[in-house]
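Remarks on the overall topology
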Amino acid sequence: MIKYISILFFTSVLFIQAQSNLNVEKTQLQFGLPLPSILYEVGTSKNMTLSLEAIAGFELRGCTDCETNFGIYPILRGQYRYYYNMGRRLRKKKNISGNSGNYVAALIGYQHGSPLIGDLNTTNTLGIGPVYGLQRTYRKGFFYRLEGGVAYFQDDFEEGIGLVLAARIGWVIGKK
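Structural notes, computed from the coordinates. (Residues numbered from 1 in each chain as written. Predicted model: local features only at pLDDT ≥ 70, side-chain atom pairs only at ≥ 80, totals over all residues. Heavy atoms only, no water.)

**Re the overall build of the chain**
The helix and strand tally for the chain stands at two helices and nine strands. Ordered by position from N to C terminus, the α and β elements of the chain give α-β-β-β-β-α-β-β-β-β-β. Counting across all 176 residues of the chain, residues that qualify as buried make up 39%. Of all intrachain contacts in the chain linking residues separated by at least 6 positions in sequence, the fraction that spans at least 24 positions is 56%. Accessible surface computed for the chain: about 10,400 Å², of which carbon and sulfur atoms make up 63%. (Helix = DSSP H or I, 4+ residues; strand = E, 2+ residues; numbered from the N terminus. Buried < 20%, exposed > 50% of the residue type's maximum accessible area, 1.4 Å probe, protein only. Contact = heavy atoms within 4.5 Å. Areas by Shrake-Rupley, 256 points an atom, 1.4 Å probe, with all protein chains shown as cover.)

Below, the structure is given as structure tokens:
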């Protein structure tokens, strides 16, 4: 079931029609840290966006009596965001450029278990759930984003509910 929801989420990108009276950016590209990431966000309606983010995840395991292993993994995240406070921010003459606002979103994420670099193999993990976030973009493109929520996670051996917490800083590419 979760695989079908994933396919539906990502194929919805093909059916997006942008509107001219958007409060959100028509498109924007972000480079994020502390884990290197690139995010592409597309405005789908007045206050809604669809985003796709590729992240280089890192895991390190070791103990005092054994060798230390590490891995750098590809992570893919997609979100359908609703920025619910854009109208209020405009009325208060606050910045909304770079999608500066608070949002609720449907999140889907996938982490591949084979590392791009390193020798620590894990399991493929898929997660889906709601998140709450806030994003602020400043002059010259600097941004920060904080997110929290719950998600249903499934890997090769088990499944369950867990917390989703994310923090990101970075730059909006092309913002002056």
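From this point, the narrative continues.
**Concerning unusual backbone geometry**
In this structure, the amide linkage connecting leucine 33 to the following residue, proline 34, adopts the cis form with an omega of 15 degrees. Tracing the sequence through the fold places proline 34 in the loop between strand 1 (27–33) and strand 2 (37–45). Here the phi dihedral of lysine 93 falls at roughly 60 degrees; this positive angle occurs in a residue that is not glycine. Mapped onto the secondary structure, lysine 93 falls in the loop between helix 2 (86–91) and strand 5 (101–111).

**Details of the nonpolar core**
Membership of the largest hydrophobic core is limited to 11 residues, which are Leu22, Val24, Tyr83, Met86, Ile96, Tyr103, Ala105, Leu107, Val131, Ala151 and Val164. A per-element tally of this core places strand 5 first, with three residues. If we skip the residues at most four places from it in the chain, methionine 86 touches Asn23, Val24, Asn47, Ile96, Asn99, Ser100 and Gly101. (Core = buried A, V, L, I, M, F, W, Y, C linked by side-chain atoms within 4.5 Å.)

**Some words on a positive patch on the surface**
Together, Arg88, Arg91, Lys92 and Lys94 make up a region of like positive charge exposed at the surface. Looking at where arginine 88 falls in the secondary structure, it is placed in helix 2. (Patch = residues over 30% accessible without salt bridge, like charges linked within 9 Å, V, L, I, M, F, W, Y side chains within 5 Å. Salt bridge = Lys/Arg side-chain N within 4 Å of Asp/Glu carboxyl O. Lys, Arg positive; Asp, Glu negative; His and termini not counted. Charge placed at Lys NZ, Arg CZ, Asp CG, Glu CD.)

**Considering the side chain of arginine 145**
Tracing the chain through its elements places arginine 145 in strand 8 (residues 142–155). In this structure the side chain of arginine 145 is engaged in a polar contact, spanning 3.4 Å, whose partner is the side chain of glutamine 135. The contacts of arginine 145, once residues within four sequence positions are left out, are Gln30, Leu39, Glu53, Arg81, Tyr103, Leu134, Gln135, Ala166, Ala167 and Arg168. (Polar contact = N/O pair within 3.5 Å; in protein donor to acceptor, adjacent residues only side chain to side chain.)

**Considering the pairing of strand 1**
Of the two faces of strand 1, only the one carrying Gln28, Gln30 and Gly32 is buried; Thr27, Leu29, Phe31 and Leu33 on the other face are not. In this structure, the hairpin formed by strand 1 and strand 2 is closed by a connection of three residues. With four bridges joining them, strand 1 and strand 9 (residues 159–172) adopt antiparallel strand pairing. Bridge pairing in strand 9 links glutamine 30 to valine 172. (Pairing = 2+ DSSP bridges.)

**Things to note about the environment of alanine 167**
With respect to the helices and strands, alanine 167 occurs in strand 9. Relative accessible area serves as the criterion here: at 47%, alanine 167 is assigned to the partly exposed category. Placed 133 residues apart in sequence, alanine 167 and proline 34 show a C-alpha to C-alpha distance of 8.5 Å. Apart from the residues lying within four places of it in its own chain, the contact partners of alanine 167 are Leu33, Pro34, Arg145 and Leu146.

All quantities given are derived from atomic positions and should not be read as evidence of function.
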